[in-house]
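# Close look at the chain arrangement
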Amino acid sequence: MATQIITTPGVSIVTFNNVAVSHQNTFICEVFEQSANAGINIDMISQAPAASEKISFGFTFSDEDMPKLISIINQISRNLTPMINVGNVKVTIKSSEMVSNTGFASRVMNVLRDMDCLPLLVTTGIDEISVLVYESECADLEKKLKEAFA
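The structure contained in this document is the topic of the report that follows. (Residues numbered from 1 in each chain as written. Predicted model: local features only at pLDDT ≥ 70, side-chain atom pairs only at ≥ 80, totals over all residues. Heavy atoms only, no water.)

Relative to the helices and strands, asparagine 88 resides in strand E4 (residues 83–94). On the basis of relative accessible area, asparagine 88 is assigned to the buried category, the value being 0%. (Helix = DSSP H or I, 4+ residues; strand = E, 2+ residues; numbered from the N terminus. Buried < 20%, exposed > 50% of the residue type's maximum accessible area, 1.4 Å probe, protein only.)

And the structure:
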């Protein structure tokens, strides 16, 4: 199977920092449950390991759902002020070859470095790597990734 490069524009990211470990499961479940009830499709999810009894976690969703998410955050924020960034692009590199071959992450990160393109979030699955980038910084990213995986 050839490597697929899929771009999704109009992606927002929200990140919560300094969430108390003692409340993380309750808070995360509440955010995700309220988002689901509001019809918000949460996509890339990331959680950093606990440091000093605090965690940070974030996720992506469509820019169109920002008003709904802001309403949810205002209701359940627990005095946490999230970092929010809108107007990004999610780029997914997908290949069944990732299951047994090496070097895919290295090639992706080399392209990002060479383009001076800051990854806002990186998530992986068994056969894919997804990278969230600023739309304004990475106009030719899809083209460069296709060249790297040709």
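Here the focus is the sheet that holds strand E3 (residues 54–62). Pairing between the strands of a sheet comes from backbone hydrogen bonds, and it takes one of two forms, parallel or antiparallel. As summarised here, the arrangement of the six strands in space is E2-E3-E1-E4-E6-E5, forming an open sheet in which the pairing is antiparallel. In the strand order of this sheet, the two ends are held by strand E2 (45–47) and strand E5 (119–125), each with one partner. Strand after strand, the sheet turns through a mean of 25° between neighbouring axes, direction not considered. Pairing of E5 with strand E6 (residues 128–134), which is carried by six bridges, proceeds in the antiparallel orientation. Following the sheet pairing, leucine 121 is matched in E6 by leucine 132. Against the sheet, helix H3 (residues 104–114) contacts E4, E5 and E6, and its axis sits at roughly 15° relative to E6. (Pairing = 2+ DSSP bridges. Axes fitted to C-alpha atoms, helices over the stretch in contact; angles between N-to-C directions. Contact = heavy atoms within 4.5 Å.)

So, about the packing of aromatic side chains. Under the criterion given, the structure shown has eight aromatic pairs. For the pair phenylalanine 16 and phenylalanine 57, a centre-to-centre distance of 5.3 Å together with 20° between the ring planes defines the contact as stacked. Placement of phenylalanine 16 in strand E1 (residues 4–20) and of phenylalanine 57 in strand E3 is noted, with a sequence separation of 41 residues between them. Phenylalanine 57 matches phenylalanine 16 in its accessibility class, with the two residues each being buried. Three or more aromatic residues link up through ring pairs in this structure, and these residues are Phe16, Phe27, Phe32, Phe57, Phe59 and Phe61. One Lys or Arg, arginine 107, reaches over the ring of phenylalanine 104 and ends 4.9 Å from the middle of that ring. (Phe/Tyr/Trp six-rings, centres within 6.5 Å; stacked < 30°, edge-to-face > 60°. Lys NZ or Arg CZ within 6 Å of the ring centre and 35° of its normal.)

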